[in-house]
Amino acid sequence: MASSFVKQLLGLAAFAPITQLCSAASLYSTYMFNPLEHLGGVAPYFEPQDPPASPLPPQGCAASRAVYLSRHAAIYANDYDYEEYIGPFLSKLENHTTIDWTKIPALNFLATWTAPLTEAEQELLTRVGRLEAAQLGVTLSFRYPNLRQPSRIWTSSAERTVKSAQSLARGLELDENGIDVVSIYESEKAGANSLTPYKSCPAYSSSFGSDQSAVYLEKFTKPIAARLNAVVPSFNFTGNDIYGMMELCGYESVIRGSSPFCDLALFSPDDWLGWEYTADVMYHYNVGYGNHISGVVGLPWLNASANLLLGDSLDEQDITVSFTHRELPPMVFVAMGLFNNSEFGGSETTINDTFPLDRINHRRAWKSSHLLPFSSNVAIERLNCSGSYGYDAGDYYRILVNSAPQPLPNCADGPGTSCSRSGFEQYVQERVGMFQGFSERCGVDYDNSTDILTIYTDPKVGNGTAVGKRYEAFKIRPVR
């Protein structure tokens, strides 16, 4: 008895170190925070897995066609961000040469730090951006190994979107010059027939959301500025300075690979969540549910893509990819009814109540960091299902946003997050009924407008141009 009891004690003693290691702290303190995943439209590409459904086709299904819309890849800086926030902060920093930054905790890096960009480099694609776009091309080649390589990729005409399309082609194509890039001019009089239809919509203004986001910007930056001014009173940090410094975390990271402005000793997780919410408020009112014209501008791409996927012509490409700017994908989400804060309660008239300006709505579905980081992409897939238990054989349709499957509102009768063909057709018609009439609802005041997007099927658009030699971009320029 005694020896048996001793053996039991010795056995328990063997687990003592494990018991000590498995303390409450180590069991439950798993908190981690990455600022780069909370930077809205300044975030490098990442996949939030929200919801955490598998991007693989449901059991018994295989993709037979896919249409993608992608934002351009990472750039040095957006012109507005540079002119409004980053540029003024950099100028202010240059004018305060008497401050000994080495003695300022969390800001001592400013003693030797240099700006990662100049005004002339605004809007240009970075090396990280080229990699992001090429990676998307590789991802598509792996995701759709049995689909035909596209012969054309469409893009709006800005340099950063064209370069993104070219980089994606390099990652996707099997041989040099296998994919042509079709550039669609960013006209202000193209109606809905472009990849930048918001520019042709007089009812849309790029300033929408500025007033509302300014309210929360002032709220979240006020204590941060007070904290920094307490240690560097001569610099007089402002709310715009704080916002620009936090933007530099994202922009410098896609230029140099990292940034000291991302240090959580400088800006806490709560600070970053305040920055993210400020951006979300702006995008909500600018290109989201807070702007009555968003769904109208986003519908033509949804409708044109649905027509490509519902058609059976062998002349159509298996994979259709287009590049645009950050404004269009969120407008498409509105047209689709995705990321709607009021989907399970409330109404269209109360949607703005889901974005209070005196506190953060942490339960919101509309998070710009998840919706439109650099290279953000939305896909509509046609799935052919013949062995999916519990479902009839046939075509089903599903949405991917940054690889995460997104269930469509009122259309969930297929395997996984997919929707049956008849359900998808009805869903599209319902969305058309809600948002059709681009020219009228945009208040178009020019001639020859159109309410539909035809660039994918119109032979007048042309076949585009080849990307060029694979390694041309890496040639060393001669010294002059």
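Residues numbered from 1 in each chain as written. Predicted model: local features only at pLDDT ≥ 70, side-chain atom pairs only at ≥ 80, totals over all residues. Heavy atoms only, no water.

(A) Spatial organisation of the overall build of the protein. Helices and strands together make up the secondary structure of the protein, namely 14 helices and 9 strands. A compact globule built from 480 residues should have a C-alpha radius of gyration of about 23 Å, and the protein, at 25 Å, falls within 12% of that. Expressed as a percentage of its 480 residues, the buried residues of the protein come to 52%. At a minimum sequence separation of 6, the contacts of the protein that also span at least 24 residues come to 80%. As displayed, the protein has an accessible area near 22900 Å², and 53% of this comes from carbon and sulfur atoms. When the 35 positive and 51 negative side-chain charges of the protein are each reduced to one mean point, those points stand 6 Å apart. (Helix = DSSP H or I, 4+ residues; strand = E, 2+ residues; numbered from the N terminus. Rg over C-alpha atoms; globule rule 2.2 N^0.38 Å. Buried < 20%, exposed > 50% of the residue type's maximum accessible area, 1.4 Å probe, protein only. Contact = heavy atoms within 4.5 Å. Areas by Shrake-Rupley, 256 points an atom, 1.4 Å probe, with all protein chains shown as cover. Lys, Arg positive; Asp, Glu negative; His and termini not counted. Charge placed at Lys NZ, Arg CZ, Asp CG, Glu CD.)

(B) Looking closely at the pairing of strand β5 (residues 377-385). Judged by how many residues are buried, β5 sits mostly within the fold: 8 of 9 residues are covered. The pairing of strand β1 (residues 61-71) with β5 spans 9 bridges and is antiparallel. If you follow A62 over to β5, its bridge partner there is N384. Sheet analysis places β5 next to strand β6 (residues 394-401), joined by 8 bridges and oriented antiparallel. From the neighbouring strand, N384 faces β6, where its bridge partner is D395. (Pairing = 2+ DSSP bridges.)

(C) A look at the environment of T221. With respect to the helices and strands, the residue T221 is situated in helix α7 (residues 210-231). Under the relative-accessibility criterion, T221 is labelled buried at 2%. Discounting chain neighbours no more than four positions away, the residues touching T221 are G239 and I242.

(D) A look at the layout of surface pockets. Size it by volume and the largest pocket reaches roughly 880 Å³. Those elements giving two or more residues to the lining of the largest pocket turn out to be α4 (79-95), α7, α8 (239-256) and α9 (269-287). With 7 residues, α9 is the single largest residue contributor to the lining of the largest pocket. Taken together, the residues of the lining of the largest pocket sort by class into 15 nonpolar, 11 polar and 11 charged. (1 Å grid on protein atoms, 1.4 Å probe; cavity = no way out; pocket = protein on both sides within 12 Å on 5 of 7 lines; lining within 4 Å. Points joined across faces, edges and corners; volume = space filled by probe spheres on them. Nonpolar A, V, L, I, M, F, W, Y, C, P; charged D, E, K, R; others polar.)

(E) Representation of helix α6 (residues 159-172) within the structure. In this model, α6 (14 residues) spans 20 Å end to end at C-alpha, consistent with the 20 Å of a helix rising 1.5 Å per residue. Where burial is concerned, most of α6 is hidden: 11 out of the 14 residues are buried. Residues of α6 that are buried: R160, T161, V162, S164, A165, S167, L168, A169, R170, G171 and L172. On the buried face of α6, the contacting elements are α5 (127-143), β2 (152-156), β3 (180-184) and β4 (319-324). (Expected span 1.5 Å × (residues − 1).)

(F) Inspection of the confidence of the model for the protein at higher detail. Looking at the protein as a whole, the pLDDT averages 91, with 90% of positions reaching at least 70. In the model, residues 4-22 has pLDDT below 50 throughout and makes 2 contacts with residues more than four positions away in sequence or in other chains. Ignoring residues within four places in sequence, the model shows residues 471-480, a span with pLDDT below 50, making 1 contact including any to other chains. (pLDDT = per-residue confidence, 0-100.)

(G) Structural context of the pattern of salt bridges. A complete count under the given rule lists 16 salt bridges for this structure. Where R421 meets D395, a salt bridge forms, and the shortest distance between an N and an O atom there is 3.7 Å. One end of the pair, R421, is in helix α13 (residues 421-435); the other, D395, is in strand β6, with 26 residues separating them in the sequence. Because the salt bridges share partners, they merge into one network encompassing E276, D280 and R364. (Salt bridge = Lys/Arg side-chain N within 4 Å of Asp/Glu carboxyl O.)

(H) How the structure looks around unusual backbone geometry. With an omega of 5°, the peptide bond running from D50 to P51 counts as cis. Here P51 shows up in the loop between α3 (24-28) and β1. In this structure, N402 takes a positive phi of about 50° despite not being glycine. Within the secondary structure, N402 is located in the loop between β6 and β7 (404-406). The exposure class of N402 is buried, given its relative accessible area of 1%. Positive phi, normally seen in glycine, also occurs at S403, with a value near 75°. Positionally, S403 belongs in the loop between β6 and β7. For S403, a relative accessible area of 9% corresponds to the buried category.

(I) Spatial organisation of the state of the cysteines. All told, the structure shown has 4 disulfides when counted by the stated rule. Each disulfide pairs two cysteine sulfurs, and for C61 the partner residue is C385, the sulfurs being separated by 2.0 Å. The sign of the 110° torsion about the S-S bond sets the C61-C385 disulfide as right-handed. One end of the pair, C61, is in strand β1; the other, C385, is in strand β5, with 324 residues separating them in the sequence. Overall, C61 belongs to the buried group, its relative accessible area being 12%. The class of C385 is buried, set by a relative accessible area of 2%. The disulfide that involves C201 links it to C442, with 2.1 Å between the sulfurs. (Disulfide = S-S within 2.5 Å.)

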